[in-house]
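The residues making up each chain are set out below.
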Amino acid sequence: MDSAIQASSSPASSSAFRSPCLTSASQNCKFPLPTSRVVGSKRHRAFRLHMDACPTKCHVVSRYSFELPDSQSIFSKKSINKFFPPPRALVASNTQNTSAAPLIGEDKVGVLLLNLGGPETLDDVQPFLFNLFADPDIIRLPRLFRFLQRPLARFISVLRSPKSREGYASIGGGSPLRKITDAQAEELKKALWQKDVPAEVYVGMRYWHPFTEEAIEQIKKDGISKLVVLPLYPQFSISTSGSSLRLLEGIFREDEYLVNMQHTVIPSWYQREGYIKAMADLIEKELKTFDFPEQVMVFFSAHGVPLAYVEEAGDPYKAEMEECVDLIMEELEKRRITNSYTLAYQSRVGPVEWLKPYTDETIIELGQKGVKSLLAVPISFVSEHIETLEEIDVEYKELALKSGIEKWGRVPALGCEPTFITDLADAVIESLPYVGAMAVSNLEARQPLVPLGSVEELLAAYDSQRRQLPPPVTVWEWGWTKSAETWNGRAAMLAVLVLLVLEVTTGEGFLHQWGIFPLFHQ
């Protein structure tokens, strides 16, 4: 789930988030031959200006009034517009040669990095999976069946943990995500201090330690008065950045200290120049490892999300991902690298339809079309973890070789790449003048600032089907506690319901044997 919409410096400019219902010419050329050039550039993107382009699927977004933090912040949802912005250029940093010290004053500045988290040992795998699937933004159940969220999470986590343990065992016995994220936080802190911003940087994970709640407690202990929230997901999705921000929203609402603390959010940053150039640098470097670099297809593999998130809930993830790929390829084109490329989505779970094309199916189809060299790019990940080290490096590589692809390569995740870290520092500094402003940025102004806004307003703009989130769950309660009795009772009711359904549909069972349901004997 994680756009680079520019902010206006005008004290009262209106702003809007774009609809996620965008179309790209690249959708018509998912599997180009190695000698072809995919026409997927934002120059060729067809943006629809009326509802006929996306009947019943377009997300109606709000315009927000905007004031800088030294005046009274205003937020209004009265003006509703169907808004499809034109293609946008890269967001270039404007802070490299300036001091940010005047922006801070006597305030203590903090940066909160949000990430998914991962099990650090094999014993952590099952409770980590339970936390993951207990999140309603990962498995969205209808309101009527919401009481099944935790029992279902327990069932899925137990079912999937053996295979997941094998995967984590194959990459060293646990996820390196925490170690890498801690290193990114340290490097970001150094970059900020070098730019005269003495900020503290904190790490808050959604599904494993250090949990977001733990990071918030440390932020309070340190007396932070200005906070920049920075999800480590380049593109916004309800299931990634959205889930972390919604948890954060609940924490903020219930804590007086946090309510009074000025904060802002950078919900996505995939358009930033430093990020695009860093990705292009890595791709260019890996292409040189092939014998014939110009014949290699660049294969962007993004983490998938359920299709309903995009079409029904208003998730902008697909549109942001497609534009991100376009921007990276345009940067490569400036370097005279014109390889063919495509985008697919990995890591789908469950029977529902996810964003297509799927990575595994695409690899097979590319092999059938005669592609011989493939360079995988984990486009939605900035850290190495199970989905890069095991899913891409092992499973997809093996599938590619079986499908007739002879040469396989993979671009590493950004990690602590200097250009990337420096650009994140610039993004934080550029947001400081707007900390505390209940606003999102002005699309039409196109100023080089990241998108801003309070947590609640951002989520309202991005997610049209918001639901209350529970805090992360780490244990399953049994016994005679009030909570345990509630869930044990629900589990018993569910079991009785299942037995009744089986009795009625099969005509067999102990109720029939006892003569309670004689009418259903066959």
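Note: the structure precedes this text.
Residues numbered from 1 in each chain as written. Predicted model: local features only at pLDDT ≥ 70, side-chain atom pairs only at ≥ 80, totals over all residues. Heavy atoms only, no water.

Here's the deal with the environment of A280
Here is step 1: Its place among the elements puts A280 in helix α8 (residues 273-287).
Here is step 2: Judged by relative accessible area, A280 falls into the buried class, the value being 0%.
Here is step 3: Separated by 57 residues in sequence, A280 and I337 have C-alpha atoms that sit 9.9 Å apart.
Here is step 4: The contacts of A280, once residues within four sequence positions are left out, are E331, L332 and R335. (Helix = DSSP H or I, 4+ residues; strand = E, 2+ residues; numbered from the N terminus. Buried < 20%, exposed > 50% of the residue type's maximum accessible area, 1.4 Å probe, protein only. Contact = heavy atoms within 4.5 Å.)

Quick notes on a nonpolar patch on the surface
Here is step 1: On the surface, a cluster of nonpolar side chains totalling about 240 Å² of accessible area is made up of L494, L497 and V498.
Here is step 2: Mapping V498 onto the fold places it in helix α15 (residues 482-506).
Here is step 3: For V498, a relative accessible area of 41% puts it in the partly exposed group. (Patch = residues over 30% accessible without salt bridge, like charges linked within 9 Å, V, L, I, M, F, W, Y side chains within 5 Å. Areas by Shrake-Rupley, 256 points an atom, 1.4 Å probe, with all protein chains shown as cover. Salt bridge = Lys/Arg side-chain N within 4 Å of Asp/Glu carboxyl O.)

Considerations on the nonpolar core
Here is step 1: Ranked by size, the top nonpolar core spans 66 residues in total, and within it L192, Y275, I283, F300 and I379 carry the most contacts.
Here is step 2: Counting only domains with at least three residues in this core, you end up with domain 1 (109-270 + 419-463) and domain 2 (273-415).
Here is step 3: Setting aside chain neighbours within four positions, we find L192 in contact with V111, V197, A199, V201, A425, V428 and I429.
Here is step 4: Counting 22 residues, the second largest nonpolar core, distinct from the first, contains Y202, I216, L258 and M261. (Core = buried A, V, L, I, M, F, W, Y, C linked by side-chain atoms within 4.5 Å. Domains from an automatic or database assignment.)

Considerations on the pattern of salt bridges
Here is step 1: For the structure shown, the criterion picks out 25 salt bridges.
Here is step 2: R335 is paired through a salt bridge with E331; the nearest N and O atoms lie 3.1 Å apart.
Here is step 3: Overall, R335 belongs to the partly exposed group, its relative accessible area being 24%.
Here is step 4: Looking at E331, the relative accessible area reads 7%, which means it is buried.
Here is step 5: For the salt bridge of E406 with K372, the shortest nitrogen-to-oxygen distance reads 4.0 Å. Here the residue E406 occupies a position in the loop between α12 (386-402) and β11 (407-410), and K372 occupies one in the loop between α11 (359-368) and β10 (373-378), the gap between them amounting to 34 residues.
Here is step 6: Each of D281, E284, E331, K334 and R335 takes part in one network of salt bridges that share partners.

Some details on the sheet that holds strand β9 (residues 341-346)
Sheet strands pair by backbone hydrogen bonding; their relative direction is either parallel or antiparallel.
Here is step 1: Here we have four strands laid out as an open sheet, ordered β9-β8-β10-β11, and parallel in their pairing. Either end of the sheet is taken by a strand with one partner, and the two such strands are β9 and β11. Averaged over all adjacent pairs, the angle separating strand axes in this sheet is 25°, with direction ignored.
Here is step 2: The sheet strands contacting helix α10 (residues 317-334) are β8 (297-303) and β9, and the helix crosses β9 at an angle near 145°. (Pairing = 2+ DSSP bridges. Axes fitted to C-alpha atoms, helices over the stretch in contact; angles between N-to-C directions.)

Quick notes on unusual backbone geometry
Residues other than glycine predominantly adopt negative phi, and peptide bonds predominantly adopt the trans conformation.
Here is step 1: The linkage connecting H209 with the following residue, P210, adopts the cis geometry, with an omega of -5°.
Here is step 2: For P210, the location among the structural elements is in the loop between β5 (200-205) and α5 (212-221).
Here is step 3: For the bond from K356 to P357, the omega torsion is 5°, close enough to zero to count as cis.
Here is step 4: Note on placement: P357 falls in the loop between β9 and α11.
Here is step 5: Unlike most non-glycine residues, D196 shows phi in positive territory, near 65°.
Here is step 6: Positionally, D196 belongs in the loop between α4 (177-194) and β5.
Here is step 7: Here D196 falls in the partly exposed class, since its relative accessible area comes to 43%.
Here is step 8: Although it is not a glycine, R336 adopts a positive phi angle of roughly 65°.
Here is step 9: Structurally, the position occupied by R336 is in the loop between α10 and β9.

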